[in-house]
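Analysis of the macromolecular model
As a plain string of letters, each chain reads:
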Amino acid sequence: MNSGIKFFDDENGINVISHVPAGNESRVKLPSLIFKQSKIWYTYYFNAEALPPFLQSECHSTLQAVLHAVPSSWSVSLWTADVLGTAYLKGNNLESYEHMKLLVNVLIKTLKEFKGPLNLKNLIYKLLNRTMRKMRYLIDSLSELKPKSPITEANLVFKENLNLLNADFDFLKSVVTEA
């Protein structure tokens with residue numbers, strides 16, 4: 001094994017939490033890892049002796065990595081937003097609909113400004129999806145929000161639905177093109 005990175009839960013490097021070997025292929029990207037603790041130590045190793053002799057003096061190894069600290073309140077915040085969405089759904093009135101719109105706005109703003117790793121951003125996308133489904137169900141159950149006349153053109157139906165969900169078309173388009 002030529003190189004890799006080891007993560008430990010103690011500063012002496014005794015208890016290995018995770019080990020990501022680079023192997024013979026020159027890995028330039030680490031998989032996303034989430035550790036459920038606040039203190040993590042790591043060590044990067046490179047074994048030049050494992051290379052052929054003519055490459056040993058020429059090869060220098062570096063590994064770029066980004067570490068993100070996830071606040072301890074992360075799980076509680078996502079759970080609270082999900083519970084709020086359920087409570088608003090059960091309210092089944094226009095006031096609940098307005099509160100649900102505010103919750104969707106907060107989630108969309110969070111997604112737009114989020115600078116963390118993609119697997120955490122994915123959790124926010126899932127929460128937004130769950131909340132939008134709840135909102136759609138709430139909209140369908142409120143007679144005040146149903147269209148007064150039937151809409152037959154698909155574009156208008158789409159725009160009307162986006163309007164009711166308080167969704168920004170440009171944001172949705174950027175999400176689809178980003179994926």
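Report on the accompanying structure. Just so we're clear, the structure is a prediction, and the values are computed from it rather than from any experiment.

About the thresholds
- Residues numbered from 1 in each chain as written.
- Predicted model: local features only at pLDDT ≥ 70, side-chain atom pairs only at ≥ 80, totals over all residues.
- Heavy atoms only, no water.
- Helix = DSSP H or I, 4+ residues; strand = E, 2+ residues; numbered from the N terminus.
- Buried < 20%, exposed > 50% of the residue type's maximum accessible area, 1.4 Å probe, protein only.
- Contact = heavy atoms within 4.5 Å.
- Areas by Shrake-Rupley, 256 points an atom, 1.4 Å probe, with all protein chains shown as cover.
- Pairing = 2+ DSSP bridges.
- Axes fitted to C-alpha atoms, helices over the stretch in contact; angles between N-to-C directions.
- Core = buried A, V, L, I, M, F, W, Y, C linked by side-chain atoms within 4.5 Å.
- Phe/Tyr/Trp six-rings, centres within 6.5 Å; stacked < 30°, edge-to-face > 60°.
- Parallel < 35°, antiparallel > 145°, perpendicular 65-115°, else oblique.
- Left-handed = near helix turned anticlockwise from the far one by under 90°.
- Nonpolar A, V, L, I, M, F, W, Y, C, P; charged D, E, K, R; others polar.

1. Brief notes about the overall build of the protein
Counting secondary structure elements, the protein contains six helices and three strands. Scored against the burial criterion, the 179 residues of the protein give a buried share of 25%. Considering only contacts within the protein whose residues lie at least 6 apart along the sequence, 61% involve residues at least 24 apart. Per element, the accessible surface of the protein, about 12,800 Å² overall, is 56% carbon and sulfur.

2. Here's the deal with the sheet that holds strand β1 (residues 3–8)
Reading across the sheet, the three strands line up as β2-β1-β3 and stay open at both edges, with antiparallel pairing between neighbours. Of all strands in the sheet, those bounded by a partner on one side alone are β2 (16–21) and β3 (41–46). On average, each strand axis in the sheet is tilted by 15 degrees relative to the strand beside it, whichever way the strands run. Note: β1 against β3, six bridges, orientation antiparallel. When the bridges of β3 are listed, Ile5 appears paired with Tyr44.

3. Regarding the nonpolar core
Counting residues in hydrophobic clusters, the biggest one holds 26 residues, and the most contacted among them are Tyr97, Leu128, Met135 and Ile139. At the level of secondary structure, the elements contributing two or more residues to this core comprise α2 (74–91), α3 (94–113), α4 (118–141) and α5 (154–164). Of all the elements, α4 adds the most residues to this core, at eight residues. Residue contacts for Ile139: discarding those within four places in its chain leaves Tyr97, Leu145, Leu164 and Leu165.

4. A closer look at the packing of aromatic side chains
Each aromatic ring pair is described using two quantities: the centre-to-centre distance and the angle formed by the ring planes. Enumeration over the complete set of coordinates arrives at three aromatic pairs. Taking 6.3 Å as the distance between ring centres and 45 degrees as the angle between the ring planes, the aromatic pair formed by Phe7 and Tyr42 counts as tilted. With Phe7 in strand β1 and Tyr42 in strand β3, the pair connects residues that are 35 residues apart, well separated along the chain. Ring geometry for Trp74 and Phe114: centres 5.8 Å apart, planes at 40 degrees, overall tilted. Highlighted residues: Trp74 in helix α2 and Phe114 in the loop between α3 and α4, separated in sequence by 40 residues.

5. A look at unusual backbone geometry
Positive phi outside glycine occurs at Asn92, with the angle close to 50 degrees. Tracing the backbone through its elements, the reader meets Asn92 in the loop between α2 and α3. Asn92 gets classed as partly exposed once you look at its relative accessible area, which sits at 39%.

6. Things to note about the packing of α3 against α4
Relative orientation of the contacting elements α3 and α4 amounts to 160 degrees, with a least axis distance of 10 Å. It follows that α3 is roughly antiparallel to α4 by the angle criterion. Seen along the crossing, α3 lies across α4 with a hand that is left-handed. Note on element contacts: α4 touches α3 through Lys121, Ile124, Tyr125, Leu127, Leu128, Thr131, Met132, Lys134, Met135, Leu138 and Ile139, opposite Ser96, Tyr97, Met100, Lys101, Leu103, Val104, Leu107, Ile108, Thr110 and Leu111. Across the contact of α3 with α4, the residue classes break down as 15 nonpolar, three polar and three charged.

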